[in-house]
Amino acid sequence: MLNLIATSLSLRCQRVTALPLKLRICSTLSSTENQQTVQELYDLSVDIQKVRKLKGWVLHQRPAYTRDVSNLLKDMGASGFIISRILAVHPEAVLCHPEQMQAQRELWMIVCPNQKELVGIIEKFPASFFTCSSHHDNQRHNIAYFQSLNLNKRIITKLMASAPQSFSRPLEQNEVMVRALQQAYLELGGEEANMKVWLQKLLSQNPFVLLKSPEVLRQNLLFLRDKGFSTAELLHLISKLRGFVIELNPDSMCCSLAYSRDTMGCSEAELRNIVLNCPALLYYPEDILAERFEGLLRAGISMSQIMDTPTVLELTTQIVSYRIQRLRERGYDVKAGSLEVLNGTKKNFEMNYGRLQLRRERPIFNPVAPLKGDD
């Protein structure tokens, strides 16, 4: 098993560091501030003091293209408020040559033709848009590659925004990692027809998975197989881990699993079932697990309840305490009931809490009680 992954290991992925935005060939560092840049930023209502405090070096660069950045964003539909916010957070944008900016705009519009949406992405991820021109060819080739995989345009846009390094590096490195993921999915019993959806979900949940090495994936899967997980269970795990399987390593997983098993006093088989329900046990370190187990036990929750609903360990101690208090106010005793009501996001909890409130307020209908009629 996993033999196809092993064949890709000779093509190791190389780590790519963040783009050196400070090192720009076209800019010259001066001992005095570029007063034109300062005035133009001031005219755009940018917080100059914030820029000086966090990235003052930008104000000493010549040349700068503040008006060009502003005009480009304005032409794409950005308001003055949004432009000032982008430049306050990422003033390096003013050092990007107009031709580079236009090239980036054309590239991004391949996968995000809606300019209003693109402005929203730039506002959240300005460093991903205002980037070095030397990577345009790699970006273009990577965009074409991910399009050839029939990935949704929104997924490709999210990858470009949140993990720009994966698009700036050579195409071959992404091909190696994608093949490793596809081969792992098929070797673990995944169906070819569902592979695109699986890969798309994995990349959207953890865009940085592409920056890892196939060797890490192979080692982690082999470790879990040695722990007794079947191929079907491994497929279930790597799907539920949302790409975190690439972030793990055998040593840390071994420590976390050993601590969980000793704390719960369960067998290896029982531990595997618990992990399948709560994969977080694989990546939480011992200190976090200890704090969460202790917090639950202090609240009066039994170990058997935790083992029945292990996903409660995904919640911080503070969140658990708050939710337990809210439930007590509505007369729900978590020590006697199910812990499922504690689980989920804030929205999930509020929905469960609302159902408890309705159940408490709704009168019980007795089908054999006499109906009240008019006298």
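Look a little higher up for the structure.
None of these values were measured; they are calculated from a predicted model.

A. Spotlight on the environment of C112. Its place among the elements puts C112 in the loop between α6 (98-111) and α7 (115-124). C112 sits 41 residues away from K153 along the chain, and the two C-alpha atoms are 7.1 Å apart. With sequence-adjacent residues up to four places away left out, C112 is seen in contact with E117, L118, I121 and T157.

B. Helix α10 (residues 153-162), seen in detail. In terms of residue burial, α10 counts as a mostly covered element, since 7 of its 10 residues are buried. Residues I155, I156, T157, L159, M160, A161 and S162 constitute the buried set of α10. Tucked into the core, α10 has its buried residues touching α6, α7, α8 (126-129), α9 (136-148), α11 (165-168) and α13 (195-205). One side-chain oxygen at the N-terminal end of α10 lies 2.6 Å from the backbone nitrogen of R154; it belongs to N152.

C. Representation of empty space enclosed by the protein. Counting across every chain of the model gives 3 cavities of 30 Å³ or more. Size it by volume and the largest cavity reaches roughly 70 Å³. Lining the largest cavity are K227, F229, C254, L257, A258, R261, E268, L271, R272 and V275. The set of elements that each furnish at least two residues to the lining of the largest cavity consists of α16 (250-264) and α17 (268-277). Class assignment for the residues of the lining of the largest cavity results in 6 nonpolar, no polar and 4 charged. The calculated volume of the second largest cavity comes to roughly 50 Å³. In terms of lining, the second largest cavity is formed by L181, A184, W198, L202, V209, L217, I238, G243, V245 and I246. Going through the elements one at a time, α12 (171-187) and α13 are the ones with two or more residues in the lining of the second largest cavity.

D. Focus on the packing of aromatic side chains. The final tally for this structure, using the stated rule, is 9 aromatic pairs. An aromatic cluster is built from W108, F129 and F130, whose rings are joined through pairwise contacts.

E. Representation of a negative patch on the surface within the structure. A cluster of acidic residues, E286, D287, E291 and E294, forms a negative patch at the surface. By the element assignment, D287 lies in helix α18 (residues 286-298). Accessibility expressed as a relative area gives 54% for D287, which makes it exposed.

F. Examining the packing of α6 against α10 more closely. α10 packs onto α6 with a crossing angle of 145 degrees between their chain directions and a minimal axis gap of 8 Å. For the pair α6 and α10, contact is made by W108, I110 and V111 and by K153, I156, T157, M160 and A161, respectively. Per-class residue counts for the contact of α6 with α10 are 6 nonpolar, 1 polar and 1 charged.

G. Layout of the pattern of salt bridges. For the structure shown, the criterion picks out 11 salt bridges. Here R261 ties to D262 by a salt bridge, and the two come within 3.5 Å at their closest N and O atoms. Judged by its relative accessible area of 23%, R261 is partly exposed. Look at D262 and you get exposed, because its relative accessible area is 56%. Between E350 and R326 there is a salt bridge whose closest N-O contact spans 3.2 Å. Separated by 24 residues along the polypeptide, E350 in helix α21 (residues 346-361) and R326 in helix α20 (residues 317-329) bring together distant segments of the chain. The partly exposed category is assigned to E350, whose relative accessible area is 31%. Residue R326 is classed as buried on the basis of its relative accessible area, which comes to 15%.

Here is what the cut-offs are and how they apply
Residues numbered from 1 in each chain as written. Predicted model: local features only at pLDDT ≥ 70, side-chain atom pairs only at ≥ 80, totals over all residues. Heavy atoms only, no water. Helix = DSSP H or I, 4+ residues; strand = E, 2+ residues; numbered from the N terminus. Contact = heavy atoms within 4.5 Å. Buried < 20%, exposed > 50% of the residue type's maximum accessible area, 1.4 Å probe, protein only. Polar contact = N/O pair within 3.5 Å; in protein donor to acceptor, adjacent residues only side chain to side chain. 1 Å grid on protein atoms, 1.4 Å probe; cavity = no way out; pocket = protein on both sides within 12 Å on 5 of 7 lines; lining within 4 Å. Points joined across faces, edges and corners; volume = space filled by probe spheres on them. Nonpolar A, V, L, I, M, F, W, Y, C, P; charged D, E, K, R; others polar. Phe/Tyr/Trp six-rings, centres within 6.5 Å; stacked < 30°, edge-to-face > 60°. Patch = residues over 30% accessible without salt bridge, like charges linked within 9 Å, V, L, I, M, F, W, Y side chains within 5 Å. Areas by Shrake-Rupley, 256 points an atom, 1.4 Å probe, with all protein chains shown as cover. Salt bridge = Lys/Arg side-chain N within 4 Å of Asp/Glu carboxyl O. Lys, Arg positive; Asp, Glu negative; His and termini not counted. Charge placed at Lys NZ, Arg CZ, Asp CG, Glu CD. Axes fitted to C-alpha atoms, helices over the stretch in contact; angles between N-to-C directions.

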